[in-house]
Every structure is written in C-alpha cells, then in structure tokens.
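The residues making up each chain are set out below.
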Amino acid sequence: MFMLLKAVINQRPAPVLRKAINWEVLLKECDFHNVLSIVYLGALGVEKNGFIDSQEQFYQKYHKALLLNNAFERAEQVLMWQLERHRVHALILSGAGYRKLYQQPEMAHLGAIEIFLEDTEMCVVHQFMKDMDYERQENRVDGGIIYTRIPGLKVVFYTQFPVENKVYKKRFAGAIKRCRLKNDYRFIHILEKEDEYFYIVGKMVELYVRKLLKIRDILDYWQFLRMLEEEFKWEFVKDFLQKAQFTDFSIQIYNLARMWFEEGDVPYDDVTVQLEEYVLSGGERNRSLGDRILPREGLRLDFYERDREKEWSLKKRTWYFPPKDYMVQYFPILERFPFLLIFCWMIRQIRLMKRAAVKKRKELQDILIRLSHIRTKGKEEDEYAEETKNKK
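Residues numbered from 1 in each chain as written. Predicted model: local features only at pLDDT ≥ 70, side-chain atom pairs only at ≥ 80, totals over all residues. Heavy atoms only, no water.

With respect to the helices and strands, Gln82 occurs in helix 4 (residues 51-85). Here Gln82 is in contact with Phe128 and Met132, once residues within four sequence places are set aside. (Helix = DSSP H or I, 4+ residues; strand = E, 2+ residues; numbered from the N terminus. Contact = heavy atoms within 4.5 Å.)

This is the structure we're talking about:
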C-alpha cells in the first residue's frame, strides 16, 4: 500500500510488485484509512496480477468517493452562502480546501466540513440546516454538533475549539472574528497558515487519544507541509507547540510521514516504528507510547483506554431498564409491590414505542409535504421557463 501511495504522491511510475497482493484485504485497509482513491490510481499502473478481480470493486468505491467530494464542494458553497445570508460569523476549520493539497483533486478525501462559530448562532444554523434537509446526529466522539445528508455529506459545527488543550483554548478564544475574511465574503473567516498548522496537529492529537488516527490524517499533514512557503513562521510555531507540550508528538508524526511518503531511504527510530504500529492497529498496539510523546494527555489517554462501547451498552441498558427508584416516580404501585417491576418496564417500553411511532409518522408527513412543495415549485419553474421560451 505504501509503495503505491508514495509513487502516486510523488508522481513517479508505479513500482514493480515482486510479491502477490491480496487485493481484497488491501481494498479493506485502504477504505478504512481513507486512501483508496490514491491506491486505486497507483494500482492502475502496475501489472494486473490479480488486480482484475478486484478492479471493479476499487473503481466503484473510487467513483463514489469522487462524486461525494464534488457534493462536498457544492455543499460547502451553499453553507457559506447561508451563513453569509444570515450574517453569522463562522470560521472554516476544514473542508473542500483540502482538495488543493493534492496534484489531482480526486486524490483528496473529504470526511466532513468543520465550522467554528459562537454558541448563540446555533439556533439560526439549526433552522437553515433543517430547511436544507440535514439531519442532526448523535456525536459520541467530541463536542461537535453533527448534521448529515444523503449521499454521505457530513457537517460538524463547533461552539468550543475542538482541541482539549489550555494553550489552544487561550489562543483560539474569540478567534472567529479575529481571523481574516475569505475573499468576497463578509462573515466567512479562514485560518492563517500557522493557525491551520496548529489545528492540523491538534486534531491529530485528538484522533490519537481516541484511537482514531488514520493514514489519511498523516498524509493530509504531509501534503500541507509540502505546500508551505518560505515566509511560514516556524520559530513561532515551534514555540507554541512547546507551550502546548505537543513538540514530541509533532516530531514523531513528521518522522512517520517522511518514512511513509518521502522518496529515498529515510532514517527512523524505534519510537517512529511504534507510532506506525499504533496507527495501523487502530490504537491496539503500543498503547503506552502516549505517555512518552504526549505527556500532558495522560489522564485522557487513560480515560479512552476504557471500553467505551461497553460503557455505552450499559448506559443503553439503564435507559431501557431503569432502576426501581426511578420507576417509582411513574409507577407508585412499585412501593407496595416491587416484584411488578418487570411488568412496569414492559408498559414503559410500549409507551416509548407509541411515542416513537407518532414521531416517525409526523416526520413522514413533513417529508411528504416537503416533497409536494418541491414538485409544485418544480412545475411552476417549468411553466415559467416554457412561458419565457414562448415569449422569446
């Protein structure tokens, strides 16, 4: 995988593969790490040697990702228009701009559009997101407010800067209006290159702590470094990372990126290899590495070491089967006959199912009404176009 990635990134001919490749396994790995589009482009240049059987699967996923990237770019334009229209100051943290990091836009992966704004603006945002048929989703990763829409669009709004570090919080407090405006906009702000670098590194720290760091995150970081110009303020950046205690982490991420993507033989040490194993194993190997490269994040690393899925299952179980002390509020009979608890659970479940059914029915009615409006509007537009054509 890394041979193909390195060849495509550095615009070199595809390497000669001396060993047989299990393309199905490679497909899953590339898809998981969000680098399938690049590996697919590289695989087209190698001897087919078994690739033919998996080529259609690669192409379908590549084509889907390509269409989704285009949809993300259009969605971002509409979002900025809506924010501008409603006079909402917003800072774009990441989005379609990542396509500019690559020689070919289709090599980029857009997982989400991330926007930083004031908490007081969320009422306005929620309304226009709802009007555009976005659905709010539960977020079990960070404090972002997630909206999704078919065919796979994802927008995350942050009302607190999404890096849990005091030095970061202090720097980006009140940063929305302070950051420069995007060309031709009065309310859309963008990060300076130094702040964008801080965000990329800080986001990787958050992903590392949560065992979610992937090859694509490190590749985007590497491509960003290659795009930097000479006037980039490296001394200021190094001083900031040192205060945040992210220096060791940023150095090892840089070493790993060089090992994976730089041409030629690149020297590396044991820590870099351990970091590679951590990323490729999804955080299952070398868990103690965090104590060495992120000494300030010890408590958070311990927190995420726990089985979050198991804890979530326990919470759901408590929701479905609350304890007797809670149930007594709604079923006073339990005070005298506690053995009826199981029957009270069943009654509660029936009530919840009825409420859910009513809610679903209302949502379906709203969708049908909205579709009816769309059809009516479309018919009116067609009639208007026909009338305009006849007049001409």
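So, about the confidence of the model for the chain. Summing up the model confidence of the chain, the mean pLDDT is 86 and the portion of residues at 70 or higher is 89%. Ranking the elements of the chain by mean pLDDT puts helix 14 (residues 298-305) last with 62 and strand 2 (residues 113-117) first with 96. (pLDDT = per-residue confidence, 0-100.)

For the rest of this paragraph, the subject is the sheet that holds strand 5 (residues 153-158). Taken in spatial order, the six strands of this open sheet run 3-4-5-2-1-6, and their pairing is mixed. Every other strand in the sheet has two partners, leaving strand 3 (135-137) and strand 6 (188-190) as the edge strands with one partner each. Adjacent strand axes in the sheet meet at a mean angle of 30 degrees when their direction is disregarded. In this structure, strand 3 lies alongside strand 4 (residues 145-149), joined through three bridges in antiparallel fashion. When the bridges of strand 4 are listed, Glu135 appears paired with Thr148. (Pairing = 2+ DSSP bridges. Axes fitted to C-alpha atoms, helices over the stretch in contact; angles between N-to-C directions.)

To continue, consider the side chain of Gln223. Looking at where Gln223 falls in the secondary structure, it is placed in helix 9 (residues 215-227). At 2.9 Å, the side chain of Gln223 forms a polar contact with the backbone oxygen of Leu101. Contacts of Gln223, omitting those with residues within four sequence positions, involve Ile9, Leu101, Tyr102 and Gln103. (Polar contact = N/O pair within 3.5 Å; in protein donor to acceptor, adjacent residues only side chain to side chain.)

Let's shift gears to the packing of aromatic side chains. This structure, assessed with the given rule, holds 26 aromatic pairs. Aromatic pair Tyr147 and Phe157: ring centres 5.9 Å apart, planes at 80 degrees, arrangement edge-to-face. Here Tyr147 is found in strand 4, whereas its partner Phe157 is found in strand 5, with 10 residues between them in sequence. Of the residues examined, Tyr147 reaches a relative accessible area of 1% and is grouped as buried. Residue Phe157 is classed as buried on the basis of its relative accessible area of 0%. Note on Phe161 and Tyr168: the rings are 6.4 Å apart at their centroids and 25 degrees apart in plane angle, and the pair reads as stacked. With respect to burial, Phe161 and Tyr168 carry one shared label: buried. (Phe/Tyr/Trp six-rings, centres within 6.5 Å; stacked < 30°, edge-to-face > 60°. Buried < 20%, exposed > 50% of the residue type's maximum accessible area, 1.4 Å probe, protein only.)

A word on the packing of helix 2 (residues 23-32) against helix 3 (residues 36-43). With their axes 8 Å apart at the nearest point, helix 2 and helix 3 run at an angle of 145 degrees to one another. Contact residues: Trp23, Leu26, Leu27, Cys30 and Asp31 in helix 2; Leu36, Val39 and Ala43 in helix 3. Each residue belonging to the contact of helix 2 with helix 3 can be placed in one class, and the counts come to seven nonpolar, no polar and one charged. (Nonpolar A, V, L, I, M, F, W, Y, C, P; charged D, E, K, R; others polar.)

The next point concerns the packing of helix 9 against helix 11 (residues 247-261). The geometry of helix 9 relative to helix 11 is characterised by a closest axis approach of 10 Å and an angle of 90 degrees between their N-to-C directions. Here helix 11 runs roughly perpendicular to helix 9, going by the angle between their axes. Within the contact between the two elements, helix 9 uses Ile215, Ile218, Leu219, Tyr221, Trp222 and Leu225 and helix 11 uses Ser250, Ile253, Tyr254, Leu256, Ala257, Arg258, Trp260 and Phe261. Split by residue class, the contact of helix 9 with helix 11 holds 12 nonpolar, one polar and one charged. (Parallel < 35°, antiparallel > 145°, perpendicular 65-115°, else oblique.)

Let us now look at helix 10 (residues 234-244). For helix 10, the complete set of buried residues consists of Val237, Phe240, Leu241 and Ala244. Buried residues of helix 10 fall within an arc of 95 degrees about the axis and therefore sit on the same side. For helix 10, the exposed residues lying more than 90 degrees away from the buried face are Glu235, Gln242 and Lys243. Those residues of helix 10 that are buried lie in contact with helix 6 (166-172), helix 8 (193-209) and helix 11. (Arc of directions from axis to C-beta.)

Another point: helix 12 (residues 270-280). Within the sequence span of helix 12, burial applies to Val271, Thr272, Leu275, Glu276, Tyr278 and Val279. Axial view of helix 12: buried residues confined to an arc of 160 degrees, hence all on one face. Taken together, the buried residues of helix 12 touch helix 8, helix 9, helix 11 and helix 13 (289-293). The N-cap of helix 12, judged by a side-chain oxygen 3.2 Å from the amide nitrogen of Val271 a few residues on, is Asp269. Just downstream of helix 12, Gly282 is the residue with a positive phi angle, here 70 degrees.

Moving on to unusual backbone geometry. Where the residue is not glycine, phi is negative for most of them; where a peptide bond is considered, it is trans in most cases. Following Ile150, the chain continues into Pro151 via a peptide bond in cis, with omega recorded as 15 degrees. Tracing the backbone through its elements, the reader meets Pro151 in the loop between strand 4 and strand 5. Backbone geometry places Lys211, a non-glycine residue, at a positive phi of 65 degrees. Considering the arrangement of structural elements, one finds Lys211 in the loop between helix 8 and helix 9. With a phi angle near 65 degrees, Gln245 is a residue other than glycine that sits in the positive phi range. The topology assignment puts Gln245 in the loop between helix 10 and helix 11.

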